[in-house]
Amino acid sequence: MPWTDLAAWTVASLLLMGLVLLRRHWTRLPALEPDPPLPADPPPVCLCIPVRNEALELPAAIDSWLAQDYPALRIVVVDDGSTDGSTEILQGREAGRPDRLRVVRNDSLPPGWLGKNHALDLTARQPEAQGAAWLLFADGDVQASPDLLRRAVAFALAQPTDILALIPGVDAVDPAERVVLPLAASAFQLLVPPHQVPNPRHPAFCGVGGFTLVRREAYEAAGGHAAAPLEAIDDMMLARRMKRAGFVNRVARGGPDLHLRMYHGLGELVRAMRKNAAALPAWGLLPLLLPPVALVMLAPLWLPFAGHPGLALLLWLLVPALAGDVQQRMTGRPMDLLWALWPLDALVFTAGTAWAFADRLRGVNHWRGRDVKLR
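Residues numbered from 1 in each chain as written. Predicted model: local features only at pLDDT ≥ 70, side-chain atom pairs only at ≥ 80, totals over all residues. Heavy atoms only, no water.

Where do I start with the overall build of the chain in this structure?
Counting secondary structure elements, the chain contains 14 helices and 12 strands. A globule of 375 residues ought to have a C-alpha radius of gyration of about 21 Å, and the chain, at 21 Å, matches this closely. Each principal axis of the C-alpha distribution contributes one length, and for the chain these read about 70 × 45 × 40 Å. Out of the 375 residues belonging to the chain, those deemed buried represent 53%. By element, 63% of the accessible surface of the chain is carried by carbon and sulfur atoms, the whole surface being about 16,300 Å². Of note, the chain has its 36 positive side-chain charges centred 6 Å away from the centre of its 36 negative side-chain charges. (Helix = DSSP H or I, 4+ residues; strand = E, 2+ residues; numbered from the N terminus. Rg over C-alpha atoms; globule rule 2.2 N^0.38 Å. Buried < 20%, exposed > 50% of the residue type's maximum accessible area, 1.4 Å probe, protein only. Areas by Shrake-Rupley, 256 points an atom, 1.4 Å probe, with all protein chains shown as cover. Lys, Arg positive; Asp, Glu negative; His and termini not counted. Charge placed at Lys NZ, Arg CZ, Asp CG, Glu CD.)

Here's what the structure looks like:
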């Protein structure tokens, strides 16, 4: 068999196996009960939100949390040096609902911390958090239906749970977002087997920046965010530390009742890849990772020249059809014809990963206008 044929069938097999695994994981992802009962005296929850320059999505996000029908909810937001109008938005919401929302302004970042980790650690030290049974960590761009928290708490209380992650639907508006994000969201679900996350004998774990509900005592026992102040993928690594400490990790479906617009346009997508790829433990291998990943993602473009036009067409259509079906169910939105341009995701991956490698050579992690020196 010529090497071109071997490469063609290897790449096709990898993509097809990935699609099969994605569908398998989706079918095993638990859903929250639609209208579960709560105890007469529901446990207090403190929602901890870090905010830095998120004025575009912040109003709708905060309003959705203020509208939660969960009675024992307090919200603490750390405004981490915002300069884009987020401060004024938060001040207005705080003035309207002082019974539920308190805003803490922070203008300094101590050495040895990433900004988000420090903000979350700061929220967890506030009186509202210290008096809560559960802490909910959510980003400043996440929107939730009014009954979502009640349903999530009921899910956590119905079975042994110390940390619960909900996978949100991802809103894609700009053309670049519409091409890149559906496949990126599918890749996350592909890598996390939901049925194995609660299994103490399996290494799978899951934390999600959009919604991670943790039992406060378990969070503190695992060291909280202070245990890894420079960890850029803070949500997943918190789940890993807690599971390794013997606590029960679970994951469930959040979308479409939980959703967010993560990034705005191509520039933010590349910068996000830059931040996250730089956080990988084996970052020195990033240059070696680029060629095989690009080879797989660009398969529909080179397979016809390798003598396999039919295989190229099959993969080109099958990937957006099957991955897109999962995204339709998660977001509640119809199929998007731009999903057919999915091989272009390789360009975003390559640009962000190369940038991340350059950052690590400089010894920094960059996000939201900050360069933080890594130890």
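Please clarify how the nonpolar core should be interpreted in this entry.
Across soluble globular proteins, nonpolar side chains show a tendency to be buried alongside one another. Ranked by size, the top nonpolar core spans 37 residues in total, and within it Leu135, Phe137 and Val214 carry the most contacts. Residue contributions to this core peak at five residues, all from helix H9 (residues 234–244). Here valine 214 is in contact with Ala133, Trp134, Leu135, Phe137, Asp162, Ile163, Tyr219, Leu238 and Met242, once residues within four sequence places are set aside. Formed by 36 residues, the second largest nonpolar core is a distinct cluster that contains Ile49, Ala55, Leu101 and Val142. (Core = buried A, V, L, I, M, F, W, Y, C linked by side-chain atoms within 4.5 Å. Contact = heavy atoms within 4.5 Å.)

Where do I start with the sheet that holds strand S9 (residues 249–253) in this structure?
Either a parallel or an antiparallel arrangement is found when strands of a sheet pair, and the pairing is made through backbone hydrogen bonds. Reading across the sheet, the seven strands line up as S3-S2-S1-S4-S8-S6-S9 and stay open at both edges, with mixed pairing between neighbours. The sheet terminates laterally at strand S3 (101–106) and S9, the two strands that pair on one side only. On average, each strand axis in the sheet is tilted by 20° relative to the strand beside it, whichever way the strands run. Judged from the four bridges that link them, strand S4 (residues 134–137) and strand S8 (residues 212–215) form a sheet pairing that is antiparallel. (Pairing = 2+ DSSP bridges. Axes fitted to C-alpha atoms, helices over the stretch in contact; angles between N-to-C directions.)

Mind showing me how you'd approach the sheet that holds strand S10 (residues 258–260) here?
Pairing within the open sheet is mixed, and its three strands lie in the order S5-S10-S7. Each edge of the sheet is formed by a strand with only one pairing partner; in this case those strands are strand S5 (142–144) and strand S7 (169–170). Bridge count between S7 and S10: two bridges; the pairing is parallel. Considered in S10, the bridge of valine 170 is made with leucine 260. Where helix H2 (residues 58–66) meets the sheet, it contacts S5 and S10, and its direction lies at approximately 35° from that of S5.

It is not clear to me how the packing of helix H11 (residues 286–297) against helix H14 (residues 345–362) should be interpreted in this structure. Could you clarify?
Helix-helix packing is characterised by the crossing angle of the two axes and by the distance between the axes. Packing of H11 against H14 leaves a shortest axis separation of 10 Å and a crossing angle of 175°. The orientation of H11 with respect to H14, classified from their angle, is roughly antiparallel. Residues Leu286, Pro287, Leu289, Leu290, Val293, Ala294 and Met297 of H11 pack against Asp345, Ala346, Phe349, Thr350, Thr353, Ala356 and Phe357 of H14. (Parallel < 35°, antiparallel > 145°, perpendicular 65-115°, else oblique.)

Help me understand the packing of aromatic side chains, please; the structure alone is not making it clear to me.
Any two aromatic rings considered together are summarised by their centre-to-centre distance and by the angle between their planes. Applying the stated criterion across every chain, the model contains two aromatic pairs. Residues tryptophan 65 and phenylalanine 211 carry aromatic rings whose centres are separated by 6.4 Å and whose planes lie at 35° to one another, so their mutual orientation is tilted. Separated by 146 residues along the polypeptide, tryptophan 65 in helix H2 and phenylalanine 211 in the loop between helix H7 (175–191) and S8 bring together distant segments of the chain. You'll find tryptophan 65 and phenylalanine 211 in the same group, each marked buried. Here the aromatic rings of phenylalanine 137 and tyrosine 219 are separated by 5.2 Å at their centres, their planes lie at 45°, and the arrangement is tilted. (Phe/Tyr/Trp six-rings, centres within 6.5 Å; stacked < 30°, edge-to-face > 60°.)

Sorry, what's going on with a nonpolar patch on the surface here?
A cluster of nonpolar side chains, contributed by Leu313, Trp316 and Leu317, occupies part of the molecular surface with about 290 Å² of accessible area. Checked against the element boundaries, tryptophan 316 lands in helix H13 (residues 309–331). Judged by its relative accessible area of 36%, tryptophan 316 falls in the partly exposed class. (Patch = residues over 30% accessible without salt bridge, like charges linked within 9 Å, V, L, I, M, F, W, Y side chains within 5 Å. Salt bridge = Lys/Arg side-chain N within 4 Å of Asp/Glu carboxyl O.)

Sorry if this is basic, but what is going on with helix H1 (residues 3–27) here?
In an α-helix, one turn spans 3.6 residues; hence positions three or four apart end up facing the same way. With 25 residues, H1 should reach 36 Å at 1.5 Å per residue; the first-to-last C-alpha distance of 36 Å fits that figure. Against the buried residues of H1 lie H7, S9, H11, helix H12 (299–302) and H13. (Expected span 1.5 Å × (residues − 1).)

What is the right way to look at the environment of leucine 19 in this model?
Considering the arrangement of structural elements, one finds leucine 19 in helix H1. Take leucine 19: its relative accessible area is 7%, and that puts it in the buried class. Between the C-alpha atom of leucine 19 and that of valine 319, which follows or precedes it by 300 residues, the distance is 7.1 Å. With residues up to four places along the chain from it excluded, the contact list for leucine 19 reads Leu318, Val319, Leu322 and Ala323.

Any chance you could explain the packing of H1 against H7 here in plain terms?
The contact between H1 and H7 brings their axes to 8 Å, and the two run at 75°. Relative to H7, the element H1 is oriented roughly perpendicular. Note on element contacts: H7 touches H1 through Ser186, Gln189 and Leu190, opposite Gly18, Leu21, Leu22, His25 and Trp26. Grouping the amino acids of the contact of H1 with H7 by side-chain chemistry returns four nonpolar, four polar and no charged. (Nonpolar A, V, L, I, M, F, W, Y, C, P; charged D, E, K, R; others polar.)

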